[in-house]
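Architecture at a glance
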Amino acid sequence: MSLKGKTAIVTGGNSGIGLAIVLELARQGANIVIDYVVHPETELDLEQQVRALGDGAIGVKADVSSVADLQTLIDTAVLEFGRVDIMVNNAGVETRTSVLETTEAQYERVLAINLKSAFFGTQLAARQMIKQGGGGRIINITSVHEDWPMPGNTAYCLSKGGMRMLTRTAGVELAPHNILVVGVGPGAVATPINLGTMQDPTLLQKLNNAIPLGRMARPEEIASLVTFLAGDGASYMTATTIFADGGIMQSSPGL
Ligand code: BGC
């Protein structure tokens, strides 16, 4: 239980990679504020699972694209558990639309949920960490597409590229406070965001063929990295992204 006594906030915490992160942080003993918007019916059950695995848990329905809602997450952590040690900016959406197709509403939604939330999540968590003293960890869940173009998913790539630079710049700015800011860049993970691909055997085969390890990741394979980054073993890592992508960024399309 390496995170015993620590408090974590996980945005988008009841689905996909966020859900796996919540369960893994719980196994390490952290208290967790679980932010959610979708599937509110699963919330109480998840809180019970977290308490059974480790320590405290509280679910908060908060829209991370609103700064006021993000502040509610921080305030809840402080009220319930006394502090914020680990902020995981995980919530994310994509539209699978190209630069020619993307509407203003799609653009604004993707940038607000993915990037604005990570920016203000970082800001508000860092302010609280500075106030309480002792440093902290901010972990931004980005993507291989923070660096690697994904034609047909333009707004998503923009948002992840922004998170890449947020991680680097905030990491430098917050280093004097011993607040470490690290990005985690997954490749293709078996989560609801990729359901379309997973349900289409031809697309899935094509994707698996492009991944040197030959398969998509399980969400737990990303969560284990996040837990490592939240712990003592990662005390010298900041202002960078660690990729867990099965090698996909290095592979050639084999043409
Ligand atoms: C995207 C997926 C995509 C994967 C690999 C992820 O960030 O959300 O849609 O399949 O990257 O390209």
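Each value, and the rule that gives it
- Residues numbered from 1 in each chain as written.
- Predicted model: local features only at pLDDT ≥ 70, side-chain atom pairs only at ≥ 80, totals over all residues.
- Heavy atoms only, no water.
- Core = buried A, V, L, I, M, F, W, Y, C linked by side-chain atoms within 4.5 Å.
- Buried < 20%, exposed > 50% of the residue type's maximum accessible area, 1.4 Å probe, protein only.
- Helix = DSSP H or I, 4+ residues; strand = E, 2+ residues; numbered from the N terminus.
- Contact = heavy atoms within 4.5 Å.
- Pairing = 2+ DSSP bridges.
- Right-handed = clockwise from strand over helix to strand, strands pointing away.
- pLDDT = per-residue confidence, 0-100.
- Salt bridge = Lys/Arg side-chain N within 4 Å of Asp/Glu carboxyl O.
- Axes fitted to C-alpha atoms, helices over the stretch in contact; angles between N-to-C directions.
- Parallel < 35°, antiparallel > 145°, perpendicular 65-115°, else oblique.
- Left-handed = near helix turned anticlockwise from the far one by under 90°.

What follows concerns the nonpolar core. Core analysis: the largest hydrophobic core is formed by 31 residues, its most contacted members being Ile21, Leu25, Ile32, Val50, Val88, Ile139 and Val184. The set of elements that each furnish at least two residues to this core consists of strand 1 (7–10), helix 1 (16–27), strand 2 (31–36), helix 2 (43–53), strand 4 (86–89), strand 5 (136–141), strand 6 (179–186) and helix 8 (219–230). The element best represented in this core is helix 1, accounting for seven residues. When neighbours within four sequence positions are excluded, Ile139 is seen to be in contact with Ile86, Met87, Val88, Asn89, Val182, Val184, Val226, Leu229 and Ala230. Of all hydrophobic cores here, the second largest spans 30 residues; its members include Ile58, Ala77, Val84 and Ala91.

Remember that side chains alternate between the two faces of the sheet whenever the strand is regular. Of all six residues that make up strand 2, six are buried, and the element is covered over most of its length. Alternating residues of strand 2 divide into Asn31, Val33 and Asp35 and Ile32, Ile34 and Tyr36, and every residue in both groups is buried. Bridge count for strand 1 against strand 2 is four bridges, and the pairing is parallel. Within the sheet, the bridge partner assigned to Ala8 lies in strand 2 and is Ile32. Considered for its hand, the β-α-β crossover made up of strand 1, helix 1 and strand 2 is right-handed. Note: strand 2 against strand 3 (residues 57–61), five bridges, orientation parallel. Directly across from Tyr36, in strand 3, lies its bridge partner Lys61. Regarding the hand of the β-α-β motif, the stretch spanning strand 2, helix 2 and strand 3 is right-handed.

For the protein chain, per-residue confidence averages 96 on the pLDDT scale, and 99% of positions sit at 70 or higher. Across the protein chain, strand 4 holds the top mean pLDDT of 99, while helix 2 sits lowest at 92.

Applying the stated rule across the entire model yields 11 salt bridges. In this structure, Asp85 engages Arg83 in a salt bridge whose closest nitrogen and oxygen atoms are separated by 2.9 Å. Across the salt bridge formed by Glu221 and Arg215, the nearest N and O atoms sit 2.8 Å from each other. By sharing partners, the salt bridges in this structure join Glu146, Asp147, Arg164 and Arg168 into a single network.

Strands sit in the order 3-2-1-4-5-6-7 across an open sheet of seven strands; the sheet is parallel. Only two strands of the sheet have a single partner each, and these edge strands are strand 3 and strand 7 (240–244). The mean angle between the axes of side-by-side strands here comes to 20 degrees, regardless of whether they run parallel or antiparallel. As paired strands, strand 5 and strand 6 are joined by six bridges and run parallel to one another. By the bridge assignment, Ile139 is partnered in strand 6 with Val182. Sheet strands in contact with helix 1 are strand 1, strand 2, strand 4, strand 5 and strand 6, and its direction is about 170 degrees off that of strand 1.

Relative to each other, helix 1 and helix 2 sit at 30 degrees, their axes nearing to 8 Å. Relative to helix 2, the element helix 1 lies roughly parallel. Along this stretch, helix 1 crosses helix 2, giving a crossing that reads as right-handed. Only Leu46, Gln49, Val50 and Leu53 of helix 2 make contact with helix 1, whose side of the interface consists of Leu19, Val22, Leu23, Ala26 and Arg27.

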